[in-house]
Amino acid sequence: MYVESEIITQTDTVFALPTTAVHKSGGEYYVLVLQEQSEERYVFSKHKVRVGLENEGFYEILDSKVEGSILTLGGYTIGIDE
């Protein structure tokens, strides 16, 4: 018999995004930010971010807050390499 536990010694409020919203390419981390939307298509631009801790499906984002609508799901089907 065993018990698995987690002891929380400190809490903090940080800007974080789901791991599904953060993409790694060439050793760098990026998020996709909506630039333009029409009836036929969505146009995203990639923004480089620095990530900190990962916890329970979220990455801490160390950069200043990213402005705009961020693609959080399905980005793995979009190639972000140029």
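Residues numbered from 1 in each chain as written. Predicted model: local features only at pLDDT ≥ 70, side-chain atom pairs only at ≥ 80, totals over all residues. Heavy atoms only, no water.

### As for the overall build of the protein chain
Put simply, the test is: Labels follow the DSSP assignment, with helices taken as runs of H or I lasting at least four residues and strands as runs of E lasting at least two, numbered in each case from the N terminus. Note on classification: 1.4 Å probe, protein chains only; a residue is buried when its accessible area is under 20% of the maximum for its type, exposed when over 50%, partly exposed between these limits. When checking whether two residues touch, look at their non-hydrogen atoms; a contact exists if any pair is within 4.5 Å. Areas reported as accessible are Shrake-Rupley estimates using a 1.4 Å probe. Residue values count occlusion only from the protein chains shown.
When helices and strands are tallied, the protein chain shows zero helices and six strands. Listed N to C, the secondary structure of the protein chain is β-β-β-β-β-β in terms of helices and strands. Per-residue burial for the protein chain yields a buried fraction of 23% across its 82 residues. A separation threshold of at least 6 residues defines the contact pool for the protein chain, and within that pool the share at least 24 residues apart is 50%. Of the roughly 6,700 Å² of accessible surface on the protein chain, 48% is carried by carbon and sulfur atoms.

### Here's the deal with the pattern of salt bridges
Going by this rule: Definition used for salt bridges: Asp or Glu carboxyl oxygen within 4 Å of a side-chain nitrogen of Lys or Arg.
Tallied over the entire structure, the rule returns three salt bridges. Here Lys48 and Glu28 are joined by a salt bridge, their closest N and O atoms 3.6 Å apart. Of this pair, Lys48 sits in strand 4 (residues 42-49) while Glu28 sits in strand 3 (residues 28-37), and the two are 20 residues apart along the sequence. Judged by its relative accessible area of 53%, Lys48 is exposed. Judged by relative accessible area, which is 31%, Glu28 ranks as partly exposed. Two residues, Arg50 and Asp63, come together in a salt bridge whose shortest N-O distance is 3.0 Å.

### As for the sheet that holds strand 2 (residues 23-25)
Rule in force here: Note: two strands are recorded as paired if DSSP finds a minimum of 2 bridges between them. Lines fitted to C-alpha atoms define the axes here, with helix axes fitted over just the stretch in contact, and angles between the N-to-C directions of these axes take values from 0 to 180 degrees.
An order of 2-3-4 is seen for the three strands of this open sheet, with the pairing classed as antiparallel. Whereas interior strands pair on both sides, the edge strands pair on one side only; in this sheet they are strand 2 and strand 4. Direction aside, neighbouring strands of the sheet carry axes that sit 45° apart on average. Of the strand pairs in this sheet, strand 3 and strand 4 are connected by eight bridges, and their pairing is antiparallel. Residue pairing in the sheet places Gln37 in a bridge with Tyr42 of strand 4.

### Some points on the packing of aromatic side chains
Remark: the centre distance and the inter-plane angle together describe each pair of aromatic rings, the angle taken between the planes. Put simply, the rule reads: The rule is short: rings of Phe, Tyr and Trp, with Trp giving its six-membered ring, pair when the centres are within 6.5 Å, and they are stacked under 30 degrees, edge-to-face over 60, tilted in between. Whether a charge lies above a ring is judged from NZ of Lys or CZ of Arg, which has to be within 6 Å of the ring centre and within 35 degrees of the ring normal.
Under the defined criterion, the tally for this structure stands at one aromatic pair. When the ring centre of Tyr30 is taken as origin, the NZ or CZ atom of Lys46, which lies over that ring, is 4.4 Å away.

### Considering the sheet that holds strand 1 (residues 16-18)
Reading across the sheet, the three strands line up as 1-6-5 and stay open at both edges, with antiparallel pairing between neighbours. In the strand order of this sheet, the two ends are held by strand 1 and strand 5 (51-55), each with one partner. Across this sheet, the average inter-strand angle for adjacent strands is 30°, counted without regard to direction. Two strands pair when backbone bridges link them, and strand 1 and strand 6 (residues 58-61) are joined in this way by three bridges, in the antiparallel orientation.

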